[in-house]
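What follows is the residue order along each chain.
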Amino acid sequence: MEGKYTKAGTIIGSIGLLITIVVTVISFIPKSSNNLAGEWLMTSKVFHADMKAYIGAEVQWKMFITESDNKIQGTAEKIKINGVDVDYNQRTYMEFNGAIEENKLIINFVENGKMRKTSGIIIARFQEDTFSGSFSHTASNTKGEIYSVKIE
């Protein structure tokens, strides 16, 4: 009878040890430490567009980002065009999601425009409380650069 309890105790002890090791390893896996969650101010500058009037335009967005592991998602609101506030009833909104690869962001977005939905991609590098890079957008086939700063 004693041998049965010893085997059972060994098995239970081994399972307990395995669980302890797994929990310890998981606790050391870095959680989302990219510091991207929060409120951001992003400015986009258009360098190419099928509609020539858009070239040179600077559009400012207020972004709200949530972060989980190596993924982000959020919303943004267009607040200024060429330094002029956009009236609340004229503002357009963007929804986005993306992936984080080291210090690189790849963001896919959909803008709910006045006439239709458009989409695009942002590819950026980030460090601390800034990220910058390029964008491509289906609205008038626009392309340009973005720069973002985190609002504390």
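Structure's up top.
Let me begin by describing the structure that accompanies this report.

Thoughts on the nonpolar core
Then, in step 1: Ranked by size, the top nonpolar core spans 24 residues in total, and within it M63, F96, L105 and F131 carry the most contacts.
Then, in step 2: Secondary-structure elements contributing two or more residues to this core are β1 (38–48), β2 (58–68), β3 (71–81), β5 (93–101), β6 (104–112), β7 (117–127) and β8 (130–137).
Then, in step 3: In terms of residue count, β2 provides more of this core than any other element does, 4 residues in total.
Then, in step 4: When neighbours within four sequence positions are excluded, M63 is seen to be in contact with G38, E39, W40, M42, T75, A76, F96 and F131.

Examining the pattern of salt bridges
Then, in step 1: Tallied over the entire structure, the rule returns 5 salt bridges.
Then, in step 2: The partner of E77 in a salt bridge is R91, with the nearest N and O atoms 2.9 Å apart. A residue pair is termed long-range when its members are at least 10 positions apart, and E77 in strand β3 and R91 in the loop between β4 (84–85) and β5 qualify at 14 residues. Of the two residues examined, E77 and R91, each falls in the buried class.
Then, in step 3: Across the pair E111 and K78 runs a salt bridge, and its minimum N-O distance is 3.2 Å. Taken together, the positions of E111 in strand β6 and K78 in strand β3 put the pair 33 residues apart, joining distant regions of the chain.
Then, in step 4: Classification of K78 by relative accessible area gives buried; the value is 16%.

Rules of the game
- Residues numbered from 1 in each chain as written.
- Predicted model: local features only at pLDDT ≥ 70, side-chain atom pairs only at ≥ 80, totals over all residues.
- Heavy atoms only, no water.
- Core = buried A, V, L, I, M, F, W, Y, C linked by side-chain atoms within 4.5 Å.
- Buried < 20%, exposed > 50% of the residue type's maximum accessible area, 1.4 Å probe, protein only.
- Helix = DSSP H or I, 4+ residues; strand = E, 2+ residues; numbered from the N terminus.
- Contact = heavy atoms within 4.5 Å.
- Salt bridge = Lys/Arg side-chain N within 4 Å of Asp/Glu carboxyl O.

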